[in-house]
Every structure is written in structure tokens, then in C-alpha cells.
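Structure at a glance
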Amino acid sequence: MDIREKLDKDKFIVTCEITPPKGTDILHAVKFAEKLKLKADAFNVTDNQRSVMRLSSLALSVALKQRGLEPIMQVTCRDRNRLAIQSDLLGAKALGVANILALTGDHPSSGDHPQAKPVFDLDSVQLIETISMLNTGHTLSGYKLSAPTNFFIGAVLNPFSSNPDLEIIKLKKKSEHGALFFQTQVVYDPAGYIEFIKKIKHLNLKIIAGVMPVRSIKMAEFISKKIPGIKMPESIIEEIRSSSDPHETGKKQVLKIIEKIRPYCDGVHIISSGCEKVIMELLEAL
Amino acid sequence: MIITRSRDYKTILNDIGKFRNVILIGCGRCATSCRTGGIEQIEVMRQKLIHSGKKIIYSNVIEAPCDERLVRAELRKISFTSDDVILSMTCGSGTSVLSDLSSVPVISALDTMFLGAIKRIGVYEERCTMCGDCVLDRTMGICPVTRCSKGLLNGPCGGSCNGKCEVDQERDCAWNLIYENLKKFDRLDLLEDYFQPKNFSRIIRPQKITDKDGYKGKT
């Protein structure tokens, strides 16, 4: 059963994030995913995340698929125009990738090639529309494909947006244009999350809540100060600060958050930012 | 207003290279307004070049160096030799026109930055990308193509936070500005419309427009 069927049948799913290597050796990433195979339903493969150039999301997604794992291929609008994106999507479909997470993408100025030309020929809503067109057997410009694709389209939403009205308007557009599941910005404030989800309950969206265990006080401070759009309550930071084992505390915090938000989501998405051990432990504990 | 910025003097001097005689041409409109190619800046450049051992054989501010008619008339006043070079203190358009019509090489003293607004003396902000497909009627005059760092058309990205842009915390998020403006005029309904991807076939470069034939791009 793939994640589309599981979500359709209201089964709670767990997804993990896999970052492609900065190089050509994909074995490590693939082996890591294989270790999690029994616990995780699918693996999000990032697309030059934070505008740092890495091996393509398409290549690693296909490698996972070939080993019987289920990838969610992330596609951003930053690096490719509408021709390149559609071409990669057709390639992904031909090689067995079924799930796409459509994102805007970070601006190149924050990455490792700040001189790069930002493409953004499409925005995330237009990207979702493009994938929907491919699913109907047409290109974005209306030409017929030899066969339609059948992508399960996902998008992102931020329950902690500083402008919730605007966030809701945009996520409605994403949903209207074909997004069927939504992964959220990471949650540290369950009450804030639940308040937002209640506001959009009438839209009947499949929501996969993002979680990311904090592993050190440095990490907690970095997230709370430097990453726009993440709301981290002071209590989380304080717990980590006073802990003798921040790694363990961070894991417990996430488990507690998941327990609270579980009735308000259809699954969780675990982001580890490089620490595989904590993902393993979290999956064991779930 | 075309906003320009002076290039580094060492680079300019290097570009002038072996040419001994320099003709300085400024712009009476945009480059005068943003203080990069007006009478004062021409004089400063003249002094610097003399100090660097160059001879200034002619200098003038042309009212609009992007107008071929004015440039042609101006260049007729100068008798060029093979030792001459024109240093253009105008935008890229002015420099191109000078180059098209001149019998000697033309070097640009300015970088052309953007089409923008003068906020006050010395402070300029980009306002228009000249995309040939205006959306300002749907966004209460705030251009997302220009003022959103990613040029997004269907709302802000996840990097928008407290009304600021992910690229620079000092920069306003265009979509937040649009939201506030639409709210003020009770037109938030406009935000719900889907914006199609931009039609870049409208601006196949280089563009040409003639009064007689109208717009030459595909629409």
C-alpha cells in the first residue's frame, strides 16, 4: 500500500527526510533509508535544500524506488523553468516516482552558489497546476502527452505564519489546483498548531505535521532566531538549556508534541537535519 | 527613472587603457537625477582623468543620450582621432546609442541597475521589471514581479516572516504589502484569483516597438 492509499484509508503515516549527498555516492543515503524501511512509510528527498547544490532529488528518488522504498520527490521552482520541470517530472514518472512535494524553494542568495540566477519561472501554485495538467495528459501549455502521469501531489503549509489569513488563501489555492496532501513547517508549539488546523478543518486536507528534534542549545537558538517561519516557545529552549542530555530531551519533546497533535494530523514528517540516530530512535518510539 | 551606479574608477581607467584622449558624455535626465552622470559628476571625472594623465578633449551632458537624434547632433560637434575614446556616463541604453553612432570606442562609466523610484537624494528603490505583462491592477499598485525577491504571483513563500523577506530582514515582503493594501481597500477577494504563469513570449529580446506597426512581440 502506498502513502496515497494509506491516507485515503485514514492510516496515520510517518515520513522521513533524506538529503542527497554533495557528491555521487548515494549508497549511504540509500542504506539509511533501507534501515528505516519497516518504520517509515515514505522518504522525502530534498531538492537542493537551502539552495545548497547536491545530487538531484530525481536521482536519489529513483534509487530509493529501485530498492523497494517509497520516495516523495521534492520539486522546487528555484532552479528550473517550466520546460525543465515538466521534463524531469515525466522522467520521474517513467522511473516509478509517484509522489511529488511541490515547493517554491529558498532564494539562491542563502546557499552555496549565491551568484546563481534565481529562476522561479513558476511559483508553487503554478507548479501544482503544472503537475495537475500532466496528470490530465497535457503539458502546461495544453499540448497532449502520449500518456498522462498519475502523481500524488503534495504541498507545504506553515501553521505558524505571521500572516495566517494570507497563508490560508495560498493553501486554498494550492488545494484547488491539485495538492492532495500538505506537509507542515516543523511544530514546536502544539497549541498554536492545533489552533491553526481548526481554522482550516473545513478544507478537509490531509496534513502531515513536521517535527524536528532539537539536539543542543546552539541548535535551539539557531532555529528560534535564524529560521523565519518557525515558532519555538521559550519553554522548549529552557528545557534543552537545563538538560544534562539535550539529545534525549529533544527526542522526548518531539514525542510529546506528536502525542498532542496526533488527533489533528494524518501523519508526521521527521526532519533530523543530519542526525540519523535520532530518526531511528524516534521511529522506534512511535 | 533608470537608476545607475558608478563603476569603480580603477576599472574604468583600465578599460580606457591605451587611449590618450577622452570624450566625456553625461545624461541630463536619469543619470543627472541619480547623480551619476550630471554636470558635477562629469567635472569630478574630468579632474580624476587629468590626474591620471588623460586628456579631456570634449565633455558635455546630452539632454537624453538614449535619443539617437540628439546623440547624432552632439557627435557632429567633435572631430575624432584614433587616440580618442568616449566615456559614457549614462545608462546602458545611452551607452549603446553612443556606441551605435560613434566612430571611436565607447566605454561605460556606469552600471545600469534598475527602473525605480527616487525615495530621497541618494536612496533609490526598484519598482518595475518591465515584464510587458502588467499585474498592478490586481495588486493595488505593488508589483510582486519586482518587489518579491522570487517574483511570485500567487502569494508569499514560506520565507515571509513578520512582513519581511527571507532574503533580507530589512526588506518588506511584497505579498504582505499587497495584503495590507488590499485589506485597506476591502479587496482581499483579489488575492483568491489564480495568476497564470507569466507569458515571457511577450518580451522576446531585443524588443522593438513602432508607432506604425504596434507591438512586435507575440501575445
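1. Points about the packing of aromatic side chains
Counting across every chain of the model gives two aromatic pairs over all chains. For the pair F152 of chain A and F181 of chain A, a centre-to-centre distance of 4.8 Å together with 35° between the ring planes defines the contact as tilted. Here F152 of chain A is found in strand β5 (residues 152-157), whereas its partner F181 of chain A is found in strand β6 (residues 181-186), with 29 residues between them in sequence. According to the relative accessible area criterion, F181 of chain A is buried, its value standing at 1%. Aromatic side chains W175 of chain B and F195 of chain B sit 6.5 Å apart centroid to centroid with 85° between the ring planes, which places their arrangement in the edge-to-face category. With W175 of chain B in helix α7 (residues 174-184) and F195 of chain B in the loop between α7 and β8 (209-210), this residue pair connects regions lying 20 residues apart in the sequence. Accessibility classification places W175 of chain B together with F195 of chain B in one group, the buried group.

2. As for the pattern of salt bridges
Any two side chains of opposite charge can pair if their charged atoms end up close together. Counted according to the given criterion, the structure contains 26 salt bridges over all chains. In this structure, the salt-bridge partner of K251 of chain A is E248 of chain A, at a minimum N-O distance of 3.3 Å. Highlighted residues: K251 of chain A and E248 of chain A, both in helix α10 (residues 246-261), separated by three residues, approximately one helical turn. K251 of chain A gets classed as buried once you look at its relative accessible area, which sits at 11%. The salt bridge involving R20 of chain B is made with D83 of chain B; its shortest N-O contact spans 3.0 Å. Separated by 63 residues along the polypeptide, R20 of chain B in the loop between α1 (9-16) and β2 (21-27) and D83 of chain B in the loop between α4 (68-75) and β4 (84-89) bring together distant segments of the chain. Salt bridges sharing partners connect three or more residues here, namely E248, K251, K277 and E281 of chain A.

3. Describing the nonpolar core
Counting 94 residues, the largest nonpolar core has F43, L89, Y188, Y193 and I200 of chain A as the members making the most contacts within it. The residues touching Y193 of chain A, leaving out its near neighbours within four places in the chain, are P159, F160, T184, V187, I207, A209, I261, Y264 and C265 of chain A. Counting 18 residues, the second largest nonpolar core, distinct from the first, contains I42, M45, M89 and A109 of chain B.

4. Some details on the confidence of the model for chain B
For chain B, per-residue confidence averages 95 on the pLDDT scale, and 97% of positions sit at 70 or higher. Interface confidence for the predicted complex, expressed as ipTM, amounts to 0.94; the pTM equals 0.95.

5. A short note on the pairing of β2 of chain B
All names here are of chain B. Buried residues dominate β2, accounting for seven of its seven residues. As paired elements, β2 and strand β3 (residues 55-62) share seven bridges and run parallel to each other. Within the sheet, the bridge partner assigned to N21 lies in β3 and is K55. Note: β2 against β4, six bridges, orientation parallel.

6. Focus on the sheet that holds β6 of chain A
Residues and elements named next belong to chain A. Taken together, eight strands build a closed barrel; the order of strands is β1-β2-β3-β4-β5-β6-β7-β8 and the barrel is parallel. Along the sheet, successive strands turn relative to each other by an average axial angle of 25°, direction set aside. Note: β6 against strand β7 (residues 206-211), four bridges, orientation parallel. In the strand pairing of β7, V186 is matched with G210. Where helix α3 (residues 57-66) meets the sheet, its contacts fall on β1 (13-18), β2 (42-45) and β3 (71-76), and the angle it forms with β3 comes to roughly 170°. Here helix α4 (residues 82-94) sits on the sheet and contacts β3 and β4 (99-103); the angle it forms with β3, its principal contact strand, is near 170°.

7. A few points about the environment of I236 of chain A
Residue and element names in this part refer to chain A. With respect to the secondary-structure elements, I236 resides in helix α9 (residues 234-241). Relative accessible area serves as the criterion here: at 7%, I236 is assigned to the buried category. The sequence separation of I236 and Q253 amounts to 17 residues, and the corresponding C-alpha distance is 7.7 Å. Setting aside residues no more than four positions away along its own chain, I236 makes contact with Y188, Q253 and I257.

8. Points about the packing of α4 of chain A against helix α5 (residues 124-135) of chain A
Residues and elements named next belong to chain A. Between α4 and α5, whose axes approach to 11 Å, the crossing angle comes to 45°. If you check the angle between α4 and α5, you find them oblique. As for the relative orientation of α4 and α5, their crossing is right-handed in sense. Residue-level inspection shows I85, Q86, L89 and L90 of α4 in contact with α5, the latter providing L127, T130, I131 and L134. Classifying every residue of the contact of α4 with α5 gives six nonpolar, two polar and no charged.

9. Focus: the pairing of β5 of chain A
Strand residues, when the strand is regular, have side chains that alternate between the two faces of the sheet. Residues and elements named next belong to chain A. Counting buried residues in β5 gives five out of six residues, a clear majority hidden from the surface. Taken together, the three bridges between β4 and β5 define a ladder with parallel strand orientation. Paired with N99 across the strands is F152, a residue of β5. Taken together, β4, α5 and β5 constitute a β-α-β crossover, and its handedness is right-handed. Two strands pair when backbone bridges link them, and β5 and β6 are joined in this way by four bridges, in the parallel orientation.

10. Observations regarding unusual backbone geometry
Following R205 of chain B, the chain continues to P206 of chain B via a peptide bond in cis, the omega torsion being -5°. Note on placement: P206 of chain B falls in the loop between α7 and β8. The phi dihedral of R50 of chain A falls on the positive side, at around 55°, and the residue is not glycine. Within the secondary structure, R50 of chain A sits in the loop between β2 and α3. Overall, R50 of chain A belongs to the partly exposed group, its relative accessible area being 45%.

How each quantity is defined
- Residues numbered from 1 in each chain as written.
- Chains lettered and ligands numbered in written order.
- Predicted model: local features only at pLDDT ≥ 70, side-chain atom pairs only at ≥ 80, totals over all residues.
- Heavy atoms only, no water.
- Phe/Tyr/Trp six-rings, centres within 6.5 Å; stacked < 30°, edge-to-face > 60°.
- Helix = DSSP H or I, 4+ residues; strand = E, 2+ residues; numbered from the N terminus.
- Buried < 20%, exposed > 50% of the residue type's maximum accessible area, 1.4 Å probe, protein only.
- Salt bridge = Lys/Arg side-chain N within 4 Å of Asp/Glu carboxyl O.
- Core = buried A, V, L, I, M, F, W, Y, C linked by side-chain atoms within 4.5 Å.
- Contact = heavy atoms within 4.5 Å.
- pLDDT = per-residue confidence, 0-100.
- Pairing = 2+ DSSP bridges.
- Axes fitted to C-alpha atoms, helices over the stretch in contact; angles between N-to-C directions.
- Parallel < 35°, antiparallel > 145°, perpendicular 65-115°, else oblique.
- Left-handed = near helix turned anticlockwise from the far one by under 90°.
- Nonpolar A, V, L, I, M, F, W, Y, C, P; charged D, E, K, R; others polar.
- Right-handed = clockwise from strand over helix to strand, strands pointing away.

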